[in-house]
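Commentary on secondary and tertiary structure
In case you want the letters, here they are:
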Number of protein chains: 2
Amino acid sequence: MPEELEKVFDEIQKLIETKNIRELRIITEDMNDADIADIIEELEPEGRVILFRALRKDMAAEVFAHLISDTKEALVSQLTAPELGRIVDELFLDDAADLVEELPADVVKRILESASPETRRGINQLLQYQEDSAGSIMTTEYISLRPDMNVEQSFKHIREVGTDKETLYTCYVTDPKGILKGVVTVRTMLLSQYADMIGDIMTDTNLISVNTNDDREKVTELFQKYDFMALPVVDSENHLVGIVTVDDAMEVLEEESTEDFHKMAAILPIDEPYLSMGVLELAKKRVIWLMVLMISATFSGQIITHYQSVFAALPALIASIPMLMDTGGNAGSQSSTLVIRGIAVGELKIYDALKVLLKELRVGLLVGGGLAVVNFFYKYAMSGDLPLSITVGISLFATVIFAQTIGGMLPLLAKALGFDPALMASPIVTTIVDAGSLTVYFMTAGRIMHL
Amino acid sequence: MPEELEKVFDEIQKLIETKNIRELRIITEDMNDADIADIIEELEPEGRVILFRALRKDMAAEVFAHLISDTKEALVSQLTAPELGRIVDELFLDDAADLVEELPADVVKRILESASPETRRGINQLLQYQEDSAGSIMTTEYISLRPDMNVEQSFKHIREVGTDKETLYTCYVTDPKGILKGVVTVRTMLLSQYADMIGDIMTDTNLISVNTNDDREKVTELFQKYDFMALPVVDSENHLVGIVTVDDAMEVLEEESTEDFHKMAAILPIDEPYLSMGVLELAKKRVIWLMVLMISATFSGQIITHYQSVFAALPALIASIPMLMDTGGNAGSQSSTLVIRGIAVGELKIYDALKVLLKELRVGLLVGGGLAVVNFFYKYAMSGDLPLSITVGISLFATVIFAQTIGGMLPLLAKALGFDPALMASPIVTTIVDAGSLTVYFMTAGRIMHL
């Protein structure tokens, strides 16, 4: 917590102890929702309810949306049904739907029973969309205009209905059947004359929209490409059903990155904060891939067993195995990371495979060559064994080139086959490269040192 | 390129061949800037200039901002000085400053000479801020209002000056000395009466702003916490000097994630697209860490040499080394990834270290235990060697716990010492864990099998 907030925190805690609701209301009135949420997270359960009840009604809903799941759940259990109903009714519909998705079934039941029928209908409508679809991250609270309104009438309309719309900066123009006809921003309206007709100033060609079933990654891509404030979501007949706002897109972007980080470290996707995950749950997310990779790694062990006669003749060979394996793994995961990230930000496409292959081969020649030369002199200086130093150098050179090519190609191959490129990261690449580099190593040793 | 865009592309190519400028102008008029930029990227150099010259002046600037560096550079060399001047003058100042930063010095000289003195001054002002500071990503083109204006006057003012402001949805209220006094959104103005005074409806307490020298990561954190559309940037005396808009914050967020992905794979930060990087440059970004890690890995080799007598007595021990090293590395990088990402999204703080330690220890007990049991039976079924299977099982158990603890603690330690946690990822963790797991392995073997 920043220092200024600490001070307010102390003050609020005192007011809670003396149950001074009036002062709590005054002090929170000017605060930011996210800051109040931070303070609530730090309070004891009894303090939380007191502070929460002191908040202005509309503010309480906003603050509630900022809390983490555990706190929401605890707070819900302490509030009365009418209190809950008021909060849910005040929430933006997409936040309310998120709430329903993240809380346990019995809590959800209490919440839905307390909400107004209209809110309940809205939430249920949003819940029907598949996870990770555009429909699941949209809100149905947008402003729609008609082409035959002028700017002045539109502003009047916005003033009437705007209060509970998530954005009023981008307005959508629909025909009487609800089919999306155009988009007009408040920017355009402000820069036009009051008498200008919406139909004349709206954008009605090359309209960009997504379908409710589109993947939410498509939504973030469009936001990044076109710098939108909001994006319309339509059904299969082009009826406008909702919008995604830029702040929600930014959140998805962050979640997608986190998902990629996890996948690349061989962890099953986790969408809860680390500290609120149970130990058993965390272990489950991690053990599966470790198990698969552990079994795969025994394959490298078999290669070693196969060449037992080689290292039995020269035990000094064993000492370079960790260096070869680690360097191969590191070189391979550099390449796979660059390519996976390139695909994720939309810069690399499947048809770039040949370019990537050629580039990785050339970089591999340079990097592998450099490392091999340094390693050769280092090894020779330490051991004085020329054939051994040459063997290690050549194997390292081949390993790095092999690792970079595999690391660069696997994510693109995965993409081409319809799998997630992020799975082809360090862990899998390392396992494959290990087997390759050990084979090369023992074969080279056999040739050069006639073992 | 999406299919619809392909069609337009073919049409545009035909128009370029016949030099039909008039039709090119008409066809592009309704298109989106980002789509036109995509098409320009695909064209031959001669075609690019023809299409670019056919664009409406303000559109040309927007399209230009969307191009990748190489294309910008090529295009600049084909345009005349007055043409360049017009583009730079039309660009938003922050885009112009970015342009100056990414292009070679001689190209920049041509551009700055062609721009108007006012644009030149604006660009130079932005360039003085340090890389990665809030100042370096802000724009100076914002709308400022005075507290004694009413809503109607404000709308009139916005209509007059709004055209080249990057956002007009968030307006800043300053006193005559330029000191930031408040913020008022167009949303608030639209939901107020025309006669309401800005001073009465603006937010003037708990104003959130950043200093020009603040790190740009602080900017993205504030955007994510508070869901802003724009954030004011002030100097040390609280004079408003610029704003950061949400689309730029989103771009920074993406860049910071990419930087973390690269660092975590032991690659020096790369801020250019993969395909436009030269081979030599790419090799340089990658070889340094590989070299450091390669030398460090020889330490594991020394451990092996130290225990030469142990595996000379039982060569079958060697076969499990890859599995132990890989599993240790994978388990460690799972933990470090979770913690690094937790720190990056602001969820984990240094004071959470004890919680993380306890959690990783408990998860390690479960995961390590599970893997060890499976491995024991697998190994025993394959080899029929009980002492060997017990040795491998115990070592694996110890390795996983050690790896997860190290992986979870190192990023927090780095953070506490003021280093970047992302550096404490898979490559370094693996190197450390290797040394630990090999030591445990040989020591256990020595004890259990009396080697």
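Here, the structure is the one placed above.
Right, let's talk about the packing of aromatic side chains for a bit. With the rule as written, the count across this model stands at 24 aromatic pairs over all chains. Seen in terms of ring centroids, Y142 of chain B and Y172 of chain B are 6.4 Å apart; in terms of plane orientation they differ by 85 degrees. Their pairing is edge-to-face. Placement of the pair is Y142 of chain B in the loop between α11 (134–137) and β1 (144–145) and Y172 of chain B in strand β2 (residues 170–174), with a sequence separation of 30 residues. Linked through ring pairs, F155 and Y194 of chain A together with F155 and Y194 of chain B together constitute an aromatic cluster. One residue, K359 of chain A, lies across the ring of Y274 of chain B, its end atom 5.6 Å from the ring centre.

Moving on, we come to the sheet that holds strand β1 (residues 144–145) of chain A. Residues and elements named next belong to chain A. Across the sheet, three strands lie side by side as β1-β2-β3; this open sheet has mixed pairing. On the outer flanks of this sheet lie β1 and β3 (180–185), each paired with one strand and no other. Alignment of β1 against strand β2 (residues 170–174), held across two bridges, turns out to be parallel. Note on β2: the bridge partner recorded for L145 is V173.

In this fold, Q404 of chain B is placed in helix α21 (residues 386–416). Taking relative accessible area as the criterion, Q404 of chain B reaches 0% and is therefore assigned buried. Once residues within four sequence positions are removed from consideration, Q404 of chain B is found in contact with R286 of chain A together with A331, Q334, S335, E360, V363, G364 and V367 of chain B.

Counting residues at the interface gives 117 residues for chain B, matched by 118 residues for chain A. Buried surface at the junction of chain B and chain A, both sides included, amounts to about 10900 Å², of which 65% is carbon and sulfur. Where chain B packs against chain A, one counts eight salt bridges. Notably, a salt bridge pairs E360 of chain B with R286 of chain A, separated by 2.7 Å at the nearest N-O pair. Our count for the contact surface shared by chain B and chain A stands at 53 residue pairs in polar contact (both at pLDDT 80 or more). Here the side of chain B that touches chain A gets 18 residues from one element, more than from any other, and that element is helix α17 (residues 279–306) of chain B. Taken together, the residues that form the side of chain B that touches chain A break down as 63 nonpolar, 32 polar and 22 charged.

The next point concerns helix α9 (residues 105–114) of chain A. Counting along an α-helix, one turn takes 3.6 residues, and residues three or four places apart therefore face a common direction. Residue and element names in this part refer to chain A. Where α9 is concerned, the buried positions are V107, V108, I111, L112 and S114. Down the axis, α9 shows its buried residues gathered within 160 degrees of arc, on one side only. Along α9, exposed side chains directed more than 90 degrees from the buried face belong to A105, D106, K109 and E113.

The rules we used
- Residues numbered from 1 in each chain as written.
- Chains lettered and ligands numbered in written order.
- Predicted model: local features only at pLDDT ≥ 70, side-chain atom pairs only at ≥ 80, totals over all residues.
- Heavy atoms only, no water.
- Phe/Tyr/Trp six-rings, centres within 6.5 Å; stacked < 30°, edge-to-face > 60°.
- Helix = DSSP H or I, 4+ residues; strand = E, 2+ residues; numbered from the N terminus.
- Lys NZ or Arg CZ within 6 Å of the ring centre and 35° of its normal.
- Pairing = 2+ DSSP bridges.
- Buried < 20%, exposed > 50% of the residue type's maximum accessible area, 1.4 Å probe, protein only.
- Contact = heavy atoms within 4.5 Å.
- Buried area = accessible area lost by both parts, 1.4 Å probe.
- Salt bridge = Lys/Arg side-chain N within 4 Å of Asp/Glu carboxyl O.
- Polar contact = N/O pair within 3.5 Å; in protein donor to acceptor, adjacent residues only side chain to side chain.
- Nonpolar A, V, L, I, M, F, W, Y, C, P; charged D, E, K, R; others polar.
- Arc of directions from axis to C-beta.

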